[in-house]
Amino acid sequence: MLIIYGLLFFLMFFRIFYIQVTGQAEGQQLAAKATARYEKTKTITADRGNILDRQGQVIAKDAISYRLVAVVSPEASKGTNKVMHVENPKKTAAVLAKYIDMDEDAIYKKLTPEKKDTYQVEFGAAGRDISHATMKEIEKEQLPGIIFMEDKKRFYPNGTFASNLIGIAGKKNDKDPQAPTVGKMGLEAIYNKELSGVNGNVQYKSDLFGYLLPNSKEMVQPAKDGDNVYLTIDKTIQNFLEDSMSKVYKQYNPESMVAVVADPKTGEILAVSQRPTFNPQTGEGLDNSWINKMTETTLEPGSTMKTFTLATAIQEGKWNPNDKFQSGQYTVYDRTIRDANQVGWGRITYLEGIQRSSNVGMANLLKKIGDDTFIQYMKKFGFGQKTGIDLPNEATGKILDEYPINRVTTTYGQGSTVTPIQLIQAETAVANNGKMMQPYVIDKVVDPNTGEIVKEHKPIVKGNPISAETAKQVRDTLATTVTSEKGTAQKFASKEYEVAGKTGTAQIPNPNGGYYWGKNNFLYSFLGMAPAKNPKLIMYVAVEKPHLGVTEVGSEPTSKIFNTVMDSSLKYLNIKPSKSTTEKSILMEDVVGQESDNVITNLESKNIQTIRIGSKGKITDQYPKKGQSVFATSHAFIKTSGNIQIPDFKGWSLRDILTYQSLSGIEIDVNGDGYVQKQNIKPGTVYDGNKKLVLTLEKPQQQYK
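Residues numbered from 1 in each chain as written. Predicted model: local features only at pLDDT ≥ 70, side-chain atom pairs only at ≥ 80, totals over all residues. Heavy atoms only, no water.

Undergrad: In this structure, what is going on with the overall build of the chain? I would like to understand it.
TA: For the chain, the count of helices and strands is 21 helices and 33 strands. Looking at the 705 residues of the chain, the share that counts as buried comes to 48%. If you take every contact in the chain between residues at least 6 apart in sequence, the share linking residues at least 24 apart comes to 68%. For the chain, the exposed surface amounts to about 34800 Å²; the carbon and sulfur share of it is 49%. (Helix = DSSP H or I, 4+ residues; strand = E, 2+ residues; numbered from the N terminus. Buried < 20%, exposed > 50% of the residue type's maximum accessible area, 1.4 Å probe, protein only. Contact = heavy atoms within 4.5 Å. Areas by Shrake-Rupley, 256 points an atom, 1.4 Å probe, with all protein chains shown as cover.)

Shown next, in the form of structure tokens:
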């Protein structure tokens, strides 16, 4: 017997020794099996990069949402002193029906699955994307078995906001809440690679219940958040445009609308909108609005094209505003073109022809310019070719020149096709003294993990189709279309800024042949700039087939958009009113090191409102800087040491607020757009840093009614 026991002991000892040496038992790697059982990996989800405006204000970002889960298996409550599953499905269904978009019966059915081994259930779309506030309300109900899982959702805080440019991002697989977020259209899709982050993970050893084992070492691979994309879009100007577009769309119910605002000195797109459009947060309107009209669709521009026919004639020395022609009609072989009123205005000057938007005047100018020369200039202005804007699927349009009649109709914008962005690019040459700037929408791409600028766009001169002298003469001439009693653009006049531009009334092709006719069947547009002497903004507006009143004309809807947005934006940018004779500017001296009291007295004697940031004493910083202009009635800022008293912010622009924030170091929350109307800390209060400063702005159209 002892021999048998000894043999068994020897075999057991050998088996243990074998396992220790080989790490295998019954052909299985025990180390791997133990690792699989005890080592856990938890994913650290990376944030998708933000999309921000030029001031760093958020347009799109990741936000936490919650997914509703119901534990329905009684097994969850075994071995605990607390009910961990849905014990009363009927009551639970009645309560949940108050918070999610699912009726009580459907919820009850979910909570009582046919399969008895079901551990937990979810509620589809109705149970996803639950806000923090709703989650907290449900938690207050103390429903056993109801739990929440955190999800990340793309958040668009501004609602309908350049939606066809920004696009949308969502789950790669809508049925899988754990699927990654990907861009599905617009900039979200175009820059999906840059915006997408790289998930990290945490690896650690735990027991069967998920608790860390004593002395276990965690291994952390941090997540790398996606890059932040900064746009050239200005949130305030974009909001001006969205509000105005919505009002006109509601009033006139057109088939479509598109508008673009740009900086002619750089080519930066500051705002772009269209109708119909969609809300990226809710998806409302998405079925009818996928294309970006600014770049992907073409149109016959109508008389806005006369801007460039005029520029060509001036550049070629063929323009004499006092020469005369017979208006009314013009014959090209067997074709006759007519002015808008069919009969013309008799024998008129070419200047009056521009003011009245005479098609016949353009035809006569073409005869002076020469067909080939005219077509060459259209190419110089970038028509018939892509602008190269940093967006995909850009259309080219087509300048028709096969037959003489094509070249004639192109002079006044019929037959040939262009894109809105081509008109904007060409207009920069007129507004920017002959330098044509390539349009762009991406300012820079920044890695938030390192602060490194990954990509940065700079202004690009696309060409010089006309001289600075020609550009000035075009602006002066187009300004008369607004100011002349014969001008078609009188409705675009501003009380404070001199506007230059050209109206357009284009016939719309009928798919069955020919063109639609009737005042409710045209494409009405305006391509303009302000202030005319030195344009800071250019803008294109087009409204297709609006429902006009009996006495209304096509410039009604377009002028309501242009006037509101242009005036509001120029005021927001602190552009000096070009029609004001009382406001003067001075060049700032270097006041750093001087006594602040003396500087304030000097500046305020010149009607410059001076804001001191700090206590009395010597100045340590200033804005504007030495050599920069400051206008009477505008703000100058001087920084000193010592306690900061909160100023009266009423009437301040966002630019002034940002300057104050930069110099003072005080964090400021800004609500709304336009000019400050309310502040949460009283003027004169010594700022102690315990309360965040909140300013409420209102739009200029509310202030300047």
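Undergrad: Mind showing me how you'd approach helix α14 (residues 371-380) here?
TA: Because an α-helix packs 3.6 residues into every turn, residues spaced three or four apart end up facing the same way. Along α14, the positions that sit buried rather than exposed are F374, I375, Y377 and M378. Angular distribution of buried residues about the axis of α14 spans 160 degrees; they occupy a single face of the element. When the buried face of α14 is taken as reference, the exposed residues oriented beyond 90 degrees from it are D372 and K379. Buried residues along α14 sit against α11 (306-315), α13 (359-369) and α15 (404-411). Phi turns positive, to about 90 degrees, at G382, one or two residues after α14. (Arc of directions from axis to C-beta.)

Undergrad: Which parts of the structure should I look at to understand unusual backbone geometry?
TA: Negative phi values dominate among residues other than glycine, just as trans dominates among peptide bonds. Across the junction of R275 and P276, the peptide omega takes the value 0 degrees, indicating a cis bond. With an omega of 0 degrees, the peptide bond between Y623 and P624 qualifies as cis. Positive phi values are uncommon outside glycine, yet N253 reaches one of about 45 degrees. In this structure N253 comes out as partly exposed when scored by relative accessible area, which is 47%.

Undergrad: Would you mind going over the environment of V499 with me for this structure?
TA: Counting through the fold element by element, V499 comes out in the loop between α17 (468-483) and β23 (500-507). What makes V499 buried here is its relative accessible area of 4%. Apart from the residues within four sequence positions on either side, V499 is in contact with A479, V482, F492, S494, F526, M529, A530, A532 and F562.

Undergrad: Quick question: what am I supposed to make of the sheet that holds strand β33 (residues 693-698) here?
TA: In a beta sheet, neighbouring strands pair by backbone hydrogen bonds and run either parallel or antiparallel. The strand order β31-β33-β32 describes an open sheet built from three strands, whose pairing is mixed. Of all the strands in the sheet, the pair left with one neighbour each is β31 (668-671) and β32 (675-679). Put simply, the sheet's adjacent strands are angled 35 degrees from each other on average, direction ignored. As paired elements, β31 and β33 share four bridges and run parallel to each other. By the bridge assignment for β33, V670 is matched with L695. Along the sheet face, helix α20 (residues 654-664) touches β31, β32 and β33 and points at about 170 degrees away from the line of β31. (Pairing = 2+ DSSP bridges. Axes fitted to C-alpha atoms, helices over the stretch in contact; angles between N-to-C directions.)

Undergrad: It is not clear to me how the pairing of strand β20 (residues 442-446) should be interpreted in this structure. Could you clarify?
TA: Each regular strand displays side chains that alternate between the two surfaces of the sheet. Most of β20 sits out of view: four of its five residues are buried. Inspection of the sheet shows β20 paired to strand β21 (residues 453-456) by three bridges, in the antiparallel sense. Paired with V445 across the two strands is K455, which belongs to β21. Hairpin connection between β20 and β21: a loop of six residues separates the two successive antiparallel strands, and G451 in this loop has a positive phi of roughly 80 degrees.

Undergrad: Just to check I follow, could you spell out the environment of A189 for this structure?
TA: Considering the arrangement of structural elements, one finds A189 in helix α7 (residues 186-190). According to the relative accessible area criterion, A189 is partly exposed, its value standing at 31%. Spatially, the C-alpha atom of A189 lies 8.9 Å from that of I166, the residues being 23 residues apart in sequence. Apart from the residues within four sequence positions on either side, A189 is in contact with G183 and K184.

Undergrad: Any chance you could explain the nonpolar core here in plain terms?
TA: One recurring pattern in soluble globular proteins is that nonpolar side chains are buried together. L231, I269, M294, F308, M378, F381 and F383 are the most contacted members of the largest nonpolar core, which has 85 residues in total. Here the element with the most residues in this core is helix α16 (residues 420-431); it accounts for seven residues. Contacts of F308, omitting those with residues within four sequence positions, involve M378, F381, F383, L423, A426, E427, V430 and L527. Core analysis: the second largest hydrophobic core is formed by 51 residues, Y497, V499, L573 and V676 among them. (Core = buried A, V, L, I, M, F, W, Y, C linked by side-chain atoms within 4.5 Å.)

Undergrad: What's the story with the side chain of R48 in this structure? I'm lost.
TA: Along the chain, the position of R48 falls in the loop between β3 (39-44) and β4 (51-52). Given a relative accessible area of 5%, R48 falls into the buried group. At 2.9 Å, the side chain of R48 and the backbone oxygen of E188 are in polar contact. When neighbours within four sequence positions are excluded, R48 is seen to be in contact with D62, R154, A169, T181, V182, G183, E188, N192, L195, S196 and G226. (Polar contact = N/O pair within 3.5 Å; in protein donor to acceptor, adjacent residues only side chain to side chain.)

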